[in-house]
Amino acid sequence: MGKNKLQKRVLDSAKEFIAKEIAPVAAMTDEKEKFPLKNFKEMGRLGFLGIPYPEKFGGAELDYLTYATIVREIAKVCASTAMSVVAHTGLAGNPIFSFGSEKQKIKFLKPLALGEKIGAFGLTEPNAGSDIAAMETTAEKKENHYILNGTKIFITNANVADIYVVAAKTSPEKGMMGISMFVLEKGTEGFKASGKKEKKLGMKGADTGELIFDNAIVPEKNLIGRKNWGLKILHQTLVGARIGMAAIALGISEGAQKYCLEYVKQRKQFGEYLYHFQSIKNMLADMEMNTSAADLLLQKAAVMKDEGRNVTKEASEAKLFASEMAMKITKDAIQIFGGYGYSQDLPLERFFRDAKITEIGDGTSEIQRLIIADEIIKRPT
Ligand SMILES: Cc1cc2nc3c(=O)[nH]c(=O)nc-3n(C[C@H](O)[C@H](O)[C@H](O)COP(=O)(O)OP(=O)(O)OC[C@H]3O[C@@H](n4cnc5c(N)ncnc54)[C@H](O)[C@@H]3O)c2cc1C
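Worth saying up front: this structure is predicted, and the values here are computed from it rather than measured.

How each quantity is defined
Residues numbered from 1 in each chain as written. Predicted model: local features only at pLDDT ≥ 70, side-chain atom pairs only at ≥ 80, totals over all residues. Heavy atoms only, no water. Core = buried A, V, L, I, M, F, W, Y, C linked by side-chain atoms within 4.5 Å. Buried < 20%, exposed > 50% of the residue type's maximum accessible area, 1.4 Å probe, protein only. Helix = DSSP H or I, 4+ residues; strand = E, 2+ residues; numbered from the N terminus. Contact = heavy atoms within 4.5 Å. Domains from an automatic or database assignment. Buried area = accessible area lost by both parts, 1.4 Å probe. Salt bridge = Lys/Arg side-chain N within 4 Å of Asp/Glu carboxyl O. Nonpolar A, V, L, I, M, F, W, Y, C, P; charged D, E, K, R; others polar.

Participant: Would you mind showing me how to read the nonpolar core here?
Facilitator: Nonpolar side chains in soluble globular proteins tend to end up buried together. Grouped together as the largest cluster of nonpolar side chains are 88 residues, with contacts concentrated most on Met43, Leu148, Phe182, Leu184, Ile243, Ile248 and Ile336. Considering each element in turn, this core owes the most residues, 12 residues, to helix α7 (residues 230-263). With near-sequence residues (within four places) excluded, methionine 43 lies in contact with Phe17, Ile22, Phe48, Leu49, Ile74, Thr81 and Val85. One finds Ile96, Phe99, Leu109 and Ala167 within the second-largest nonpolar core, a separate group that totals 25 residues.

Participant: Looking at this model, I keep getting lost on the domain arrangement of the chain. Mind explaining?
Facilitator: As a measure of interface size, the accessible area lost when the parts come together is often cited. Along its sequence, the chain is carved into domain 1 (3-118), domain 2 (120-230) and domain 3 (231-378). Using C-alpha coordinates to define each centre, domain 1 is positioned 21 Å away from domain 3. With 24 residues of domain 1 in contact, the opposing surface of domain 3 contributes 30 residues. Regarding the contact of domain 1 and domain 3, the summed buried area is about 2,200 Å², with carbon and sulfur atoms giving 66% of it. For domain 1, the biggest contributors to the area lost against domain 3 are Tyr64, Arg72 and Phe99; these three give 30% of the whole. Run the count over domain 1 and domain 3 and you get three salt bridges. The closest approach of N and O atoms between aspartate 295 and arginine 72, which form a salt bridge, is 2.9 Å. Broken down by secondary-structure element, the contributors of at least two residues to the side of domain 1 that touches domain 3 are α2 (26-31), α4 (64-77) and α5 (79-99). Looking at the side of domain 1 that touches domain 3 element by element, the count peaks at 11 residues for α5. Split by residue class, the side of domain 1 that touches domain 3 holds 16 nonpolar, four polar and four charged.

Structure follows, in structure tokens:
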């Protein structure tokens, strides 16, 4: 089957699954703060969790644009599910695919792509968020294994995952240049998810927890790439993840916009449908312009990534713009709905709460602005 045909078939079947299985449980997933395990496993079975990876590693052998499009479609109805997918496929799968050995890909990437196992990615620590160099988790080499000590916090899928990709300092004296990446399994001696479930503003269905390394014994063969390659691996992983986060933000915006366009044609005040009022029209026009612009930035970043080009700036632009617009659009959507928008009977307040993390995760908006500025300053003038 040709790539375009396969892409269309996968997108059609994803849309069908999202409408039939994800949309109906989205409100409950949020309300009960329940990780959507059944749908997650089913997405793996249907091939949606390994979109950009080769068939031999359980993937669909499609591109990053298709992956981002599926994430965006999921986020239109359930951002929590989309966030769990991005942590699994983008954050955990990508470093294994890009830098892992053939054996690691078979052992870890394949079950992730097939949804047989769930992945998580551990970088953030209590004293190291934006400032990666401040990382305190260490990995000390002993014979044919590493001993890991430290704590990771705010980790998506922490309590539900089976496979973890984590960062630790192998040469602490080298600061940022002394970080390495490891892949390890649930049940590794000295390692556990603490069981603490973060109570959050939004993305309540996405599990967020803590990882504890207490003299965890990780075999040397679980090192991803080479010793002290962490910075390079983290850079590539986070750039890719930002495209996923942009897709989540845009999906949330589009989900909210859809409700607004229906509502303004149903709701009357002062004897007129809402769409007659100029203030409402202004908000609708801005929503359309901003989702279109976010769409273009997202597609540009994803297509350039598929072409193998450096997308550091483009991924940050897409994520920064889409996330700030998701906040504006979901706020305006609630405004258009008035009191009904504030009520939990409709998903608009959920969209609004879910949107906020897109300005924080995978690098805050402030950090994205620094990255974009640094990239253009480097450019010859
Ligand atoms: C729901 C959720 C899920 C997450 N999932 C994961 C995950 O799966 N894996 C993972 O590793 N992490 C995850 N994170 C962590 C997330 O990536 C961090 O929260 C984020 O990178 C910011 O780090 P921080 O919270 O420590 O904030 P800080 O770095 O302490 O930043 C605090 C404030 O200072 C600003 N700031 C910091 N440095 C600068 C600077 N140099 N210039 C200007 N402003 C600056 C920030 O923009 C922010 O406004 C998750 C977080 C949440 C809330």
